[in-house]
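Each chain is listed here by its residues.
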Amino acid sequence: MGLIIDLVDLQTRLSSYRLSPPPLPASPAPAPSPRAVMCVYSLLFMRFAWEVKPRNYLLLACHASNETVQLYQLSRWARVWGWRGKRAAWTV
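If you're wondering where the values come from, they're calculated on a predicted model, not measured in any experiment.

Here we take up a nonpolar patch on the surface. A surface patch of nonpolar side chains, amounting to about 480 Å² of accessible area, comprises Val40, Tyr41, Leu44, Phe45 and Phe48. Structurally, the position occupied by Tyr41 is in helix H2 (residues 32-51).

Laid out in structure tokens, this is it:
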């Protein structure tokens, strides 16, 4: 379910995540902690899907797509807030 929500969220503009007065009704920037946990979780299950005999390609594909979306969401967070916690000066 989270993968579907994140795929839909890919279409929102980064400028809607900016915290500028007045605050926008859009959702805040994607939080990095749950995204990072999901990345580790997906990596572990991709390894599991590859190591079991016979290989579980469906599980591997599901977690590979989840990993891709979570990494993209983390990159969006990094672009909005920067690597050091400061907001970016540019708008997208």
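Think of an α-helix as 3.6 residues a turn; residues three or four steps apart then line up on the same face. If you check helix H3 (residues 57-81), its first and last C-alpha atoms are 36 Å apart, about what 25 residues at 1.5 Å a residue would give, namely 36 Å. Within H3, burial applies to Leu60, His63, Asn66, Glu67, Val69, Gln70, Gln73, Leu74, Arg76, Ala78 and Val80.

Time to look at the environment of Arg35. When you line up the elements, Arg35 lands in helix H2. Assessed through its relative accessible area of 17%, Arg35 is described here as buried. For Arg35 and Val69, which are 34 residues apart along the polypeptide, the C-alpha to C-alpha distance reads 9.3 Å.

Helix-helix packing is characterised by the crossing angle of the two axes and by the distance between the axes. At a minimum axis separation of 8 Å, H2 and H3 run at an interaxial angle of 155°. In terms of orientation, H2 and H3 fall into the roughly antiparallel class. Two packed elements cross with a definite hand, and for H2 against H3 that hand is left-handed. A class-by-class count of the residues in the contact of H2 with H3 yields 18 nonpolar, five polar and two charged.

The rules behind the values
- Here the residue numbering is sequential within each chain, running from 1 through the sequence in written order.
- Note on the predicted model: pLDDT of at least 70 is required for a residue's local features to be given, and 80 or more for side-chain atom pairs to be given and counted; whole-chain, interface and lining totals, by contrast, use all residues.
- The side-chain figures draw on all heavy atoms in the structure; neither hydrogens nor water molecules are used.
- Grouping into patches uses exposed residues only, defined as over 30% relative accessible area, and leaves out salt-bridged ones; the cut-off is 9 Å for like charges and 5 Å for nonpolar side chains (Val, Leu, Ile, Met, Phe, Trp, Tyr).
- Each accessible area value is a Shrake-Rupley result obtained with a 1.4 Å probe; residue values ignore everything except the protein chains displayed when judging cover.
- The rule for a salt bridge is simple: a side-chain nitrogen of Lys or Arg has to be within 4 Å of a carboxyl oxygen of Asp or Glu.
- Think of it this way: any DSSP run of H or I at least four residues long counts as a helix, any run of E at least two long counts as a strand, and we number them from the N terminus.
- One less than the residue count of a helix, multiplied by 1.5 Å, gives the span that helix is expected to have.
- Only protein chains enter the accessibility calculation, which uses a 1.4 Å probe; a residue whose area is less than 20% of its type maximum is buried, one above 50% is exposed, and one in between is partly exposed.
- In this analysis an axis means a line fitted to C-alpha atoms, helices contributing only their contacting stretch, and an angle means the value between N-to-C directions, from 0 to 180 degrees.
- Each angle receives one of four descriptions, namely roughly parallel if under 35 degrees, roughly antiparallel if over 145, roughly perpendicular if within 65 to 115, and oblique otherwise.
- When the near helix sits turned anticlockwise from the far one by under a right angle, the crossing is termed left-handed; a clockwise turn instead gives a right-handed crossing.
- In the scheme used here, Gly and all other residues not listed as nonpolar or charged are polar, with Ala, Val, Leu, Ile, Met, Phe, Trp, Tyr, Cys and Pro taken as nonpolar and Asp, Glu, Lys and Arg as charged.

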